[in-house]
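Take a look at the letters that make up each chain.
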Amino acid sequence: ELIAAANPGADRVGPAEVGPLLGDSGGVPPWDLTDAIDSGDTARSVELVRRMVGTGGRHPLQVMATLQTHYERMLRLDGSRVRDEKTAAALLGIKGSAFPAKKAMTQSARLGHAKLARATRLLAQADMDLRGATANPPEAVMELLVARLAALTRAAASRPRRGR
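The structure contained in this document is the topic of the report that follows. (Residues numbered from 1 in each chain as written. Predicted model: local features only at pLDDT ≥ 70, side-chain atom pairs only at ≥ 80, totals over all residues. Heavy atoms only, no water.)

Overview of the pattern of salt bridges
Rules: A pair is scored as a salt bridge if a Lys or Arg side-chain nitrogen falls within 4 Å of a carboxyl oxygen belonging to Asp or Glu. Working definition: helices are DSSP H or I runs of at least four residues, strands are E runs of at least two. Numbering for both runs from the N terminus. Categorising residues by exposure relies on relative accessible area from a 1.4 Å probe, with only protein chains included: less than 20% of the type maximum marks a residue as buried, more than 50% marks it as exposed, and the intermediate range marks it as partly exposed.
Applying the stated criterion to the full structure yields five salt bridges. A salt bridge links glutamate 47 to arginine 44; its shortest N-O distance comes to 3.1 Å. Residue glutamate 47 and its partner arginine 44 are located together in helix α4 (residues 42–53), separated by three residues, close to a single helical turn. Residue glutamate 47 is classed as partly exposed on the basis of its relative accessible area, which comes to 35%. Ionic pairing is found between aspartate 127 and arginine 131, a salt bridge with its closest N-O pair at 2.9 Å. Here arginine 131 and aspartate 127 lie together in helix α7 (residues 99–133), a separation of four residues that amounts to about one turn. A relative accessible area of 15% places aspartate 127 in the buried class. Residue arginine 131 is classed as exposed on the basis of its relative accessible area, which comes to 58%. One salt-bridge network, in which partners are shared between bridges, spans Arg44, Glu47 and Arg51.

This is the structure in structure tokens:
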């Protein structure tokens, strides 16, 4: 039936014929994952990391590199006293749009130093686990990591804000 629907008269189908039938179940842009984590949406974060390492075909270490870069930007801004996105972009070495710098600046302020330090420890442990420090499957390591990172954001969002 799939062959008939994708390419009538053919006896085989390839990715070009099947791709449109799969819809959005495949790859995910990395910013979708980091946005879900930054919003504290654990379920969406886990769903997206599953898609990235499953049907998206990314190796867990590739996803880890994306997450490390994302949190490294926030760490570089932590305590920097940068207050505008252009200065943040310059500090981070981001060329072109300053939007990624603005996102990093906002999330860094939201999390605060203690939660950024916790995120760094979580990333380091997951990196070691992916490299053999645990017998857990890489997919499980990544799911647990993004769930914990999203939980940090939820906890930061629910804490009372102090005046400046």
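Structural notes on helix α6 (residues 85–92)
In plain terms, the rule: Throughout, the arc means that of the directions going from the helix axis to the C-beta atoms. Two residues form a contact once any of their heavy atoms are found within 4.5 Å. Any pair of nitrogen or oxygen atoms within 3.5 Å is treated as a polar contact; in protein, a donor-acceptor pairing is required on top of that, and neighbouring residues in sequence qualify only through side-chain atoms on both sides.
Those residues of α6 that sit buried are Ala88, Ala89 and Leu92. Seen along its axis, α6 keeps its buried residues to an arc of 100°; they face one direction. Residues of α6 that are exposed and angled more than 90 degrees away from the buried face: Lys86 and Ala90. Lining the buried residues of α6 we find α5 (60–77) and α7. At the N-terminal boundary of α6, the capping side chain belongs to aspartate 84, with an oxygen 3.2 Å from the backbone nitrogen of lysine 86. Positive phi shows up at glycine 93, right after α6, with a value of about 75°.

Thoughts on the nonpolar core
What tends to happen in soluble globular proteins is that the nonpolar side chains get buried as a cluster. For the record, the criterion: Among buried residues, the Ala, Val, Leu, Ile, Met, Phe, Trp, Tyr and Cys ones that are joined through side-chain atoms within 4.5 Å form a nonpolar core.
By size, the foremost hydrophobic cluster in this structure holds 39 residues, and its most contacted members are Leu33, Val63, Leu67, Tyr71, Met142, Leu145 and Leu149. If one sorts the elements of this core by residue count, α7 sits on top with 10 residues. Excluding anything up to four places from it in sequence, methionine 142 contacts Val49, Pro60, Val63, Met64, Leu67 and Leu130.

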